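Overview (structure and organization)
One-letter residues, chain by chain:
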Amino acid sequence: MNNPFGVKNYDGFPLNALPPLLRNTLLEVEQKIQSPIGLIASSMLSSMAIACQGAFNIRTPIGSVVPSSIFIITVAESGERKSTTDKYFTQPLRDFEEKRRKHHSEKLLSFKNQKKIWSINHQELEKSLRKRIRDGEINTKDLSDQLEWMLENEPRAPLQMRLLYSDATSEALLENLARLWPSGAIHSSEASTVISGRTFHKLGPINELWDGDSYIPVDRKRSESFELKNARLTISLMIQPQPFMEFLSKKKGHAIDIGLTSRFMITMPTSTQGYRKVEKQTESVESKSDSAFNSFKQILEHWLQKSEEQTLDEVPHQEFTFNEDAGDEYLDILFQIENAIAPGGEFHQHSAIASKLGNNLARIAGLIQAFDNKDSAITLQTLITASKILYWYTNQHIKFIKIFKNELTDEDMGDMLFEWLKNNPTRCGAPQFRISLLYKDAPYSIRGKNNLHRAIDNLSQRGLLIDNRNFSPMTVSIRNHSFQNSNAFVAKDPFTYESDALGREFLERTLITRFTKSSQYSEFTSKAADFKVQHFEPGDSGV
């Protein structure tokens, strides 16, 4: 799917809905790396959450308080430039962390000196108090008071900022969040080793951290127990399909059963491999002083500094709220979701995912607001943007679940193939698409001989495809009338059965069409001229 910005947005990520700074940041990185739009968006959102989660929570109109952290997984094959893309958004976090690590070394040296002096004084006071007690002296109050004051004022080791974890055990992660720094992220652009290791050994506390529980006790048998207070965790993983499916299959689907996956936003972006421009790059995105990416970095650092200040000063998290218009719409969305997940409701079959929609909607809205406006009151325009992003991720999530559970029907696969062929008019020998190439390049869920031929058979029966499998080389092509009617064609993936179609209609009605009734709240401007942006102050949309 091409768009006004000239990028290949195969999966229809809502670029136009993003405020200019975020949209232009995404487009700059896409122009440089040419990785899938959905993959870039996930990296951008997760870096925003890592920076913000230590600074503010979001208070919803129903009175609940949710953290600004998110759980997000990008499922993509090798070669999609996952690591290169992710580095753009994590490098500012690593740079900030490294600066604080050097500063911590200086503080640690001062702490060790203070602790040594304190220990000497403490030992001498103890000796003096013991001597008086041995000598039978009754008046020991002065020494006892001094000793008590010393114990209350024992030097405390400085907190050490640690944001990113890629290969920590769940035990080490929890202990570091309790004793080292209360805000962190499980993060990896090659996450197969992460999910196969001990990072996800204890899923219960991870669920509690997503929920934003203010107090999480961790009991130990062989070492000192500890407690997490107002700890925050974001998870951002990029992984190939097979290892992720194997992880979900472990322990008879335990991760699904306890609701871990329903907390995640999941995407399976369409590959851009084989169709990326090969050209000389003269300068990086960061080298342009007026680039959107540099402005994005400034806001990222702004929220990292806020998080640091509030943590060191032991100041409670700031609270973002909804303004009146946004609050009314948010309440109605929750009402619609609650009705839809009741037995017999439109979204009952996906109730686990649906039950987290309102929570994730508030988080996305908070993050968008933090990078688009200095006001901490979430606006209706911000809620509209968040709704479109959440709609996209929810469709991607359900598509993945259906693939994982092997629930795709022939019509599902036909729809997916038709959309891919329509959006890729220059790939695989088009307009005569070579089947041998489609085996490798078609969407992951319909690759391979069996599924691809089922999809072709379905489209042929529906009169949408010309089947040339009796010739050599074997090819397929879209019928002319299919192109003419392609705008009217709405792929039903990931909803196919009658109940699925109701679910699709529910999602679209609840998160999208409700906001199109009034032109007052249209999408952010999508003019190509917006691509060039000026310097942004933290929280300023630049509009």
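Structural data are supplied above this passage.
In this report, the structure presented in the accompanying data block is examined. (Residues numbered from 1 in each chain as written. Predicted model: local features only at pLDDT ≥ 70, side-chain atom pairs only at ≥ 80, totals over all residues. Heavy atoms only, no water.)

Observations concerning the overall build of the chain
Helix and strand counts for the chain stand at 20 helices and 14 strands. Within the span of the chain, comprising 543 residues, buried residues form 52% of the whole. Sequence separation of at least 24 residues holds for 74% of the intrachain contacts in the chain that already meet a minimum separation of 6. On the chain, roughly 25,000 Å² of surface is accessible, and the fraction owed to carbon and sulfur atoms is 48%. (Helix = DSSP H or I, 4+ residues; strand = E, 2+ residues; numbered from the N terminus. Buried < 20%, exposed > 50% of the residue type's maximum accessible area, 1.4 Å probe, protein only. Contact = heavy atoms within 4.5 Å. Areas by Shrake-Rupley, 256 points an atom, 1.4 Å probe, with all protein chains shown as cover.)

Observations regarding the packing of aromatic side chains
Enumeration according to the criterion identifies 14 aromatic pairs in this entry. Ring centres 5.8 Å apart and planes at 70° place the aromatic pair Phe-89 and Phe-293 in the edge-to-face group. Of the two residues, Phe-89 sits in helix 3 (residues 82–134) while Phe-293 sits in helix 11 (residues 292–312), which places them 204 residues apart along the sequence. Taken together, a centroid distance of 5.2 Å and an interplanar angle of 45° make the contact between Phe-347 and Phe-506 tilted. Linking Phe-347 in the loop between helix 12 (324–340) and helix 13 (351–354) with Phe-506 in helix 20 (residues 498–511), this pair joins segments that are 159 residues apart in sequence. Per residue, the accessibility class of Phe-347 equals that of Phe-506, and both read buried. Of the aromatic side chains, those joined through ring pairs into one cluster are Tyr-88, Phe-89, Phe-293, Phe-296 and Phe-371. A cation sits over an aromatic face here: Arg-100 above Phe-96, 4.1 Å from the ring centre. One Lys or Arg, Arg-363, reaches over the ring of Trp-210 and ends 3.9 Å from the middle of that ring. (Phe/Tyr/Trp six-rings, centres within 6.5 Å; stacked < 30°, edge-to-face > 60°. Lys NZ or Arg CZ within 6 Å of the ring centre and 35° of its normal.)

Some words on the nonpolar core
Counting residues in each nonpolar core, the largest one holds 80 residues, and the members touching the most others are Phe-13, Leu-26, Trp-303, Phe-371 and Tyr-393. With 58 residues, the next largest nonpolar core counts Leu-209, Phe-247, Met-416 and Cys-428 among its residues. (Core = buried A, V, L, I, M, F, W, Y, C linked by side-chain atoms within 4.5 Å.)

Remarks on the sheet that holds strand 10 (residues 318–322)
Think of a sheet as strands paired side by side through backbone hydrogen bonds, with each pair either parallel or antiparallel. The four strands lie next to each other as 2-1-10-11, forming an open sheet whose pairing is mixed. Lying at the two open borders of the sheet, with one neighbouring strand each, are strand 2 (65–67) and strand 11 (377–378). Two elements, strand 10 and strand 11, share two bridges in a ladder whose sense is parallel. Looking at the pairing, Thr-321 lines up with Ala-377 of strand 11. (Pairing = 2+ DSSP bridges.)

Some thoughts on unusual backbone geometry
Residue Ser-472 is joined to Pro-473 through a cis peptide bond whose omega torsion reads -5°. When you line up the elements, Pro-473 lands in the loop between strand 13 (465–468) and strand 14 (475–478). Notably, Arg-81 is not glycine yet its phi reads approximately 65°, a positive angle. A residue is classified by how much of its surface remains accessible, and Arg-81, at 32% relative accessible area, is partly exposed. Of note in this structure, Glu-314 is not a glycine but carries a positive phi near 55°. Classification of Glu-314 as exposed rests on a relative accessible area of 59%.

Remarks on helix 1 (residues 20–33)
Count 3.6 residues to each turn of an α-helix, and residues three or four apart come out pointing the same way. Taking 1.5 Å per residue, 14 residues should reach 20 Å; helix 1 reaches 20 Å between its end C-alpha atoms and fits that length. Among the 14 residues that make up helix 1, 13 are buried, leaving the element largely enclosed by the rest of the structure. Following helix 1 by one or two positions, Gln-34 adopts a phi angle in the positive range, close to 65°. (Expected span 1.5 Å × (residues − 1).)

A look at the sheet that holds strand 13
What the three strands build is an open sheet, ordered 12-14-13; its pairing is antiparallel. This sheet does not close on itself; its edge strands, each paired only once, are strand 12 (433–434) and strand 13. Where strand 12 meets strand 14, two bridges bridge the pair, whose relative direction is antiparallel. Each residue of the ladder has a partner; that of Arg-434, found in strand 14, is Thr-475. Most of the contacts of helix 16 (residues 410–423) go to strand 14, to which it runs at about 80°, and overall it touches strand 12, strand 13 and strand 14. Running over the sheet, helix 18 (residues 449–461) touches strand 13 and strand 14 and is turned about 125° from strand 13. (Axes fitted to C-alpha atoms, helices over the stretch in contact; angles between N-to-C directions.)

Quick notes on the pairing of strand 13
With four bridges joining them, strand 13 and strand 14 adopt antiparallel strand pairing. Its bridge partner lying in strand 14, Leu-465 is registered against Ile-478. Between strand 13 and strand 14, which pair antiparallel and follow one another directly, the connecting turn spans six residues.

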